[in-house]
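# Observations on the model geometry
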Amino acid sequence: MDEIADNSLTVNGERLWATLDRSSEIGAAPNGGLNRLALTDEDKEMRDQFRAWAETDGYSVTVDRLGNMFVRRGGMEPGLAPVIIGSHLDSQVNGGRFDGILGVLAGLEVLRSLDDAGIATRRAIEVVNWSNEESVRFHRATLFGSMAFAGQAVVEDVLASTDDDGLTVGAELARIGYAGPSPVGGRVIDANFELHIEQGSKLEAAGIPVGIVTGGCPTALFQIEVAGENAHIGPTPMARRRNALVGASEIVVLLNEIGWRHADTESRATATNIDLMPNKFGIIPHLAKLTVDMRHPDPDVLEAMKAAFVSGIDAAAERSRCTIKAENHLNLGGLTFDTELVDLLRETAARIGAPAMDLLSMAAHDAYAISTIAPAAMIFTPCKDGVTHNEAEDIDPASTLPGVNVLLNAALSRAQR
Ligand SMILES: [Zn+2]
C-alpha cells in the first residue's frame, strides 16, 4: 500500500479500473455505453458480479426487500452506526458506463484498500448499491431504493409499481433473485458518502479534479394531464377541435421559454416524455400526459419559474381548447449537505493535496434521500466534456483518482470516530 508523507492512503487505481472495465461488459450498448435498466437480466448479472467480488474479499452482503445491496466490512465496535458509501449500478437507456457505477465500485475499492493497508476501523463501512436510481423503467417510482430507505417512499407502493409491460417491481425483484429478506431502512447511519461523476463540465473547465458538493439544486417536477376530445382529422373543422397534442405542445414551448428566461443564471426547464392517447394516425388525440422538470440554484427564482409556468397554463388551455391539469407531485434538491461532512471532505482534500472546489449538484442523487435521515455529503469527479446519460460518457484515472482518494481518507476518518 502506498503511503505518502502525511500518512494518507491511496487506492489501487488499476484494480478500480479493472472493476469498471468488467462492469462495462455487462449490458454493453452498441456505442460504448450501457443498457442496464433496473431489475433487468443485465442488472441481475451486475449485481451477481458485485456480490461475488464482495464475498471473495470476505465482506458480508445483505439485501433488503427492495433489492438494495449492503456490502459490509465489519468494524471493531459492531454496536456503532456504520459509515455508508453508496450509489447505483443501474443505467439509463443507452446510458454511460460511470454514472453511479463509479461511486459503488470506488466504495468497493475503499474497502479493498483498507484491507491492503491492514487497517481495522472502529465503525463498519458499508458499500451500498441503491436499487433503481435512474428511475427510467418503473412508473411513479423515482430513486426508489434510497427514497424508501429514507422513508420518502412506501415499500408496498414501490413493490406494486409497474413498467410499460405491466411487470411489477416486486415480481421483477423476485425473478432476478434480489427480493431480499432485510427490512428497508430503519437503521442508524453515522455518515453517508456518495462519489459521482459531475455530469457537468465545471471541474474539467477549472482543471480541478475534486468537487466538494455543498448541496443540491432546487428541483420541481410536475405531472401534466391535457384532456381534449377524439375526433376524425378529416371532417372535423379547426374550430371544433380539442387536440390534446396541441395542448401538450403549448406546455412544452411554455416550459422551454421559462427555461431560456433564466438561462444565464443556470436555470433548467425540461419536458422529456409524453404519453399520448390514442396515439394513432387519423385520430385527434384526447389525452396527453407529461412529466416536466424545472431547476434553479436559487430557490426564489425556482418559485418564480413555477409561478410563471402555472400562470401560463390557462393561456395554453385556451389556445388548445383543452383542459390542462398540473400537479407539482415531487420536489427534490434544495438541500444543503451536512456541514461537518462537507468540512471533512474539504480538509481531507487539502491534507492529501487533491485540488478541490465547491459545487452544487444539478442532478438528483441517492445522497439526497439519505441526507434526510443521516449526515450526508458528495464528491464529484470530472467527466469528459460534461457528457452524461449518453454512451459517450467518459472519465480517466488521472482526474478521477484524487476524488476516490478523498473518499477513502474521509470515510476512514469518519469510521475511526
Ligand atoms: Zn447517477
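Residues numbered from 1 in each chain as written. Predicted model: local features only at pLDDT ≥ 70, side-chain atom pairs only at ≥ 80, totals over all residues. Heavy atoms only, no water.

## Notes on the overall build of the protein chain
- Helices and strands together make up the secondary structure of the protein chain, namely twelve helices and 15 strands.
- Over its C-alpha trace the protein chain gives a radius of gyration of 23 Å, about what one expects of a compact globule, namely 22 Å for 417 residues.
- In the protein chain, buried positions account for 54% of the 417 residues.
- Surface exposure of the protein chain reaches about 17000 Å², of which carbon and sulfur atoms provide 51%.
- Charge separation in the protein chain, taken as the distance between the mean sites of 35 positive and 58 negative side-chain charges, equals 5 Å. (Helix = DSSP H or I, 4+ residues; strand = E, 2+ residues; numbered from the N terminus. Rg over C-alpha atoms; globule rule 2.2 N^0.38 Å. Buried < 20%, exposed > 50% of the residue type's maximum accessible area, 1.4 Å probe, protein only. Areas by Shrake-Rupley, 256 points an atom, 1.4 Å probe, with all protein chains shown as cover. Lys, Arg positive; Asp, Glu negative; His and termini not counted. Charge placed at Lys NZ, Arg CZ, Asp CG, Glu CD.)

## Side note on the coordination of the zinc ion
- Surrounding the zinc ion are the protein donor atoms His88 (NE2), Asp99 (OD) and His196 (NE2), which sit 2.0 to 2.2 Å from the metal.
- Coordination of the zinc ion draws on donor residues from a single chain, spaced H-x10-D-x96-H in sequence. With a gap of 108 residues between them, His88 in the loop between β3 (83-87) and α3 (101-116) and His196 in strand β5 (residues 191-197) connect regions that are remote in the sequence.
- Residue classification places His88 among the buried positions, given a relative accessible area of 0%. (Donors = N, O, S within 2.8 Å, 3.2 Å for Na, K, Ca; no water.)

## Points about the packing of helix α10 (residues 339-352) against helix α12 (residues 397-415)
- In the contact formed by α10 and α12, the axes pass within 9 Å of each other and the chain directions differ by 120 degrees. With respect to each other, α10 and α12 are oriented oblique. For the pair α10 and α12, the sense of crossing is right-handed. On α12, the residues that touch Glu340, Leu341, Leu344, Leu345, Thr348, Ala349, Arg351 and Ile352 of α10 are Pro402, Asn405, Val406, Asn409, Ala410, Ser413 and Arg414.
- Classifying every residue of the contact of α10 with α12 gives eight nonpolar, four polar and three charged. (Axes fitted to C-alpha atoms, helices over the stretch in contact; angles between N-to-C directions. Parallel < 35°, antiparallel > 145°, perpendicular 65-115°, else oblique. Left-handed = near helix turned anticlockwise from the far one by under 90°. Contact = heavy atoms within 4.5 Å. Nonpolar A, V, L, I, M, F, W, Y, C, P; charged D, E, K, R; others polar.)

## Quick notes on the pairing of β3
- Of all the five residues making up β3, five are buried; the element is thus mostly covered by neighbouring parts of the structure.
- Pairing between β3 and strand β4 (residues 125-129): five bridges, direction parallel. Bridge pairing in β4 places Ser87 opposite Asn129.
- Handedness of the crossover joining β3 and β4 through α3: right-handed.
- Sheet analysis places β3 next to β5, joined by three bridges and oriented parallel. Bridging from a neighbouring strand, Val83 pairs with Ala191 of β5. (Pairing = 2+ DSSP bridges. Right-handed = clockwise from strand over helix to strand, strands pointing away.)

## Observations regarding the nonpolar core
- Core analysis: the largest hydrophobic core is formed by 99 residues, its most contacted members being Phe50, Leu66, Phe193 and Phe337.
- Counting only domains with at least three residues in this core, you end up with domain 1 (13-217 + 334-415) and domain 2 (219-332).
- Discounting chain neighbours no more than four positions away, the residues touching Phe193 are Val83, Ile84, Ile85, Gly86, Leu341, Leu344, Leu345, Ala377, Leu407, Ala410, Ala411 and Arg414.
- Judged by nonpolar contacts, the second largest core, of 25 residues, contains Phe222, Ile258, Leu276 and Met305. (Core = buried A, V, L, I, M, F, W, Y, C linked by side-chain atoms within 4.5 Å. Domains from an automatic or database assignment.)

## Description of the confidence of the model for the protein chain
- For the protein chain, mean pLDDT is 96; residues scoring 70 or higher make up 98% of the total.
- Counting interchain partners and residues more than four positions distant, the pLDDT-below-50 stretch residues 1-5 has twelve contacts. (pLDDT = per-residue confidence, 0-100.)

## Some thoughts on the domain arrangement of the protein chain
- Parsing the protein chain into structural domains produces domain 1 (13-217 + 334-415) and domain 2 (219-332).
- Here the C-alpha centroids of domain 1 and domain 2 sit 33 Å apart.
- Overall, the association of domain 1 and domain 2 removes approximately 890 Å² of surface from exposure, summing both partners, and the carbon and sulfur fraction of that is 58%.
- The largest share of the area that domain 1 buries against domain 2 comes from Arg140, Cys217 and Met362, three residues that together contribute 54% of it.
- Between domain 1 and domain 2 we count one salt bridge in total. (Buried area = accessible area lost by both parts, 1.4 Å probe. Salt bridge = Lys/Arg side-chain N within 4 Å of Asp/Glu carboxyl O.)

## Some thoughts on the pattern of salt bridges
- With the rule as written, the count across this model stands at 31 salt bridges.
- Across the salt bridge formed by Glu77 and Arg122, the nearest N and O atoms sit 2.8 Å from each other. Here Glu77, found in the loop between β2 (69-73) and β3, pairs with Arg122, found in the loop between α3 and β4; they are 45 residues apart in sequence, far enough to count as distant.
- In this structure, the salt-bridge partner of Arg187 is Glu126, at a minimum N-O distance of 2.7 Å. A residue pair is termed long-range when its members are at least 10 positions apart, and Arg187 in the loop between α6 (169-176) and β5 and Glu126 in strand β4 qualify at 61 residues.

## What to know about the sheet that holds strand β9 (residues 268-277)
- The strand order across the open sheet formed by four strands is β9-β11-β7-β12, and the pairing between neighbours is antiparallel. Edge strands, defined here as strands with exactly one partner in the open sheet, are β9 and β12 (323-332). Between one strand and the next, the sheet's axes are offset by a mean angle of 15 degrees, whatever the strand orientation.

## What about the side chain of Glu194?
- Here Glu194 shows up in strand β5.
- Within the buried core, Glu194 has no salt-bridge partner, and the shortest N-O distance to an opposite charge, that of Arg295, equals 13 Å.
- If we ignore the near neighbours within four places in the chain, the residues touching Glu194 are Gly86, Ser87, His365, Asp366, Ala367, Ala377, Met378 and Ile379.

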